[in-house]
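Each chain, written out:
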Amino acid sequence: MWAMIRGVPHGLVYVRLWREADRPLIFGGKKMRTGSKNPLSDCTLCPRECHVDRLAGQRGYCGQTAQIVAARAALHYWEEPCISGRAGSGAVFFCGCPLRCSFCQNRDIAAGRAGREVGAERLTEIFLHLQQQGANNINLVTATHFVPLLVPALEAAKDRGLRIPVVYNTSSYEKVSTLRMLDGLVDIYLPDLKYVSSALSGLLSNAPDYFETAQEALAEMVRQTGKPLFLSPEGKRLDAEQMNEACCREEGDLADADFLMQKGVIVRHLALPGQGEDSRRVLRYLHRTYGNRIYISLMNQYTPMPGAALKLPELGRKLTQEEYEALTGYAIALGVENGFLQEGDTVGESFIPDFDGTGL
Ligand code: SF4
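For clarity, every value in this text was computed on a predicted model and none was experimentally measured. (Residues numbered from 1 in each chain as written. Predicted model: local features only at pLDDT ≥ 70, side-chain atom pairs only at ≥ 80, totals over all residues.)

A. Region of the structure containing the site of the ligand. What surrounds the ligand is a group of 13 residues, the closest being Cys43, Cys46, Cys50, Gly60 and Cys62. Split into classes, the residues belonging to the shell around the ligand amount to 8 nonpolar, 3 polar and 2 charged. (Near = placed C-beta within 6 Å. Nonpolar A, V, L, I, M, F, W, Y, C, P; charged D, E, K, R; others polar.)

In structure tokens:
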């Protein structure tokens, strides 16, 4: 269960720890620049820079060609309360991943062992159908390697009446040039900040450049969205401070899930067993760099997957309550006011939906 911190000195409970700009359309649809090279023909979309011709069927590190593949499109209730709300987030889980962490909880779809092909036109219909089902937003999960294909699908959906916010859910192993394709199309970024240590990111994600890459990506995300903005049940637009006040005032009647994020960045950090020092570096970096311009979501749901301990023995166990409480206390001591924490035992596979092609 998620809880929230509301700018109070204690009680870090799922602490709730926006700009339109000219978006350089690089691929797809009527707005592709004349003479522009299709980025999938020599793919450098992400920091792996594989230089493979995905249009010709070649696969790079992410494992995907120029055909969108997804595993599920359905209402999802396990994101932060201002994302899932009461009606759920319209999550589309894409297959393949440019990062491929050794402890991945979605490894079947990350490795491309599940999923089905979805054309751009069908993807537009899926977005609109999720909106019809009452989704609070469209939540694009691990879509980095499909971004040039998503742009025309999102544009078409917006032309046909998509009005709910678009959420981009990412590992942050992203190039700024790729994120700029989304400028003006994405309203909310939901990025991870997994590590500061390059040794750790090298060992567990084969990406010693993770932190320096993620730093630039996060800065671009915050530039695009600006400060967090929420929608109240009465339809009022509230900034973070106003939302915190409204939540407190109406306590008992309204819950965090009644205030839906419309713009902003929520940075997630999954605390790993035995890696408290690096988690503290992550929290320190985020708070000192962005303060209350972002929300921080501190997650305790690490679940040991088969083989997880091969690279780091501590990854064979769960995060202890003591480890998590030490981190939440550290966040409070730093002065984090806008954030989310997880309460109770969130470990297990209940957060992992069936990747059975539902909704595709
Ligand atoms: S998106 Fe895939 S093919 Fe392209 S550079 Fe990244 S990992 Fe390589």
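Read on, since the account is not over.
B. Highlighting unusual backbone geometry. In this model, Arg100 sits at a positive phi of 60°, which is unusual for a non-glycine residue. Mapped onto the fold, Arg100 is located in the loop between strand S3 (89-94) and helix H2 (107-110). Residue classification places Arg100 among the buried residues on the basis of 20 C-beta atoms within 10 Å. Positioned with a positive phi, Asn206 is a non-glycine residue whose angle comes to about 50°. Its location among the elements puts Asn206 in the loop between helix H6 (198-205) and helix H7 (210-225). (Helix = DSSP H or I, 4+ residues; strand = E, 2+ residues; numbered from the N terminus. Buried ≥ 20, exposed ≤ 12 C-beta atoms within 10 Å, placed from the backbone.)

C. The confidence of the model for the protein, seen in detail. The predicted model of the protein averages 88 in pLDDT, with 86% of residues at 70 or higher. Long-range and interchain partners of residues 7-35, a stretch whose pLDDT sits below 50, account for 85 contacts in this model, where long-range means more than four residues apart. (pLDDT = per-residue confidence, 0-100. Contact = placed C-beta atoms within 7 Å.)

D. Broad picture of the nonpolar core. In terms of nonpolar packing, the biggest core is built from 101 residues, with Ala70, Val92, Phe94, Leu140, Leu150, Tyr168 and Ile296 touching the most fellow members. When sequence neighbours within four positions are dropped, the list of residues in contact with Leu150 reads Leu140 and Ala143. (Core = buried A, V, L, I, M, F, W, Y, C linked by C-beta atoms within 7 Å.)

E. View of the packing of helix H3 (residues 120-132) against helix H4 (residues 147-159). Where H3 contacts H4, the axes come no closer than 8 Å and their chain directions differ by 50°. As far as their axial angle goes, H4 and H3 are oblique. Seen along the crossing, H3 lies across H4 with a hand that is right-handed. Residue-level inspection shows Ala120, Leu123, Thr124, Phe127 and Leu128 of H3 in contact with H4, the latter providing Leu149, Pro152, Ala153, Ala156 and Ala157. Residues belonging to the contact of H3 with H4 are distributed by class as follows: 9 nonpolar, 1 polar and no charged. (Axes fitted to C-alpha atoms, helices over the stretch in contact; angles between N-to-C directions. Parallel < 35°, antiparallel > 145°, perpendicular 65-115°, else oblique. Left-handed = near helix turned anticlockwise from the far one by under 90°.)

F. Structural context of helix H10 (residues 321-334). Between its first and last C-alpha, H10 extends 20 Å over 14 residues, near the 20 Å set by a 1.5 Å rise per residue. Among all positions in H10, only Tyr324, Leu327, Thr328 and Ala331 are buried. The buried side chains of H10 occupy one side of the element, clustering within an arc of 95° when seen end-on. H10 presents Glu322, Gly329 and Ala333 as exposed residues on the side facing more than 90 degrees away from its buried surface. On its buried face, H10 is in contact with helix H9 (276-290), strand S11 (295-299) and strand S12 (339-342). (Expected span 1.5 Å × (residues − 1). Arc of directions from axis to C-beta.)

G. Structural detail: the environment of Val141. Checked against the element boundaries, Val141 lands in strand S5 (residues 138-141). The class of Val141 is buried, set by 22 C-beta atoms lying within 10 Å. In sequence terms Val141 and Thr170 are 29 residues apart; their C-alpha atoms lie 6.5 Å from each other. Ignoring sequence-local partners within four residues, the contact set of Val141 consists of Ala91, Val92, Phe93, Phe94 and Asn169.

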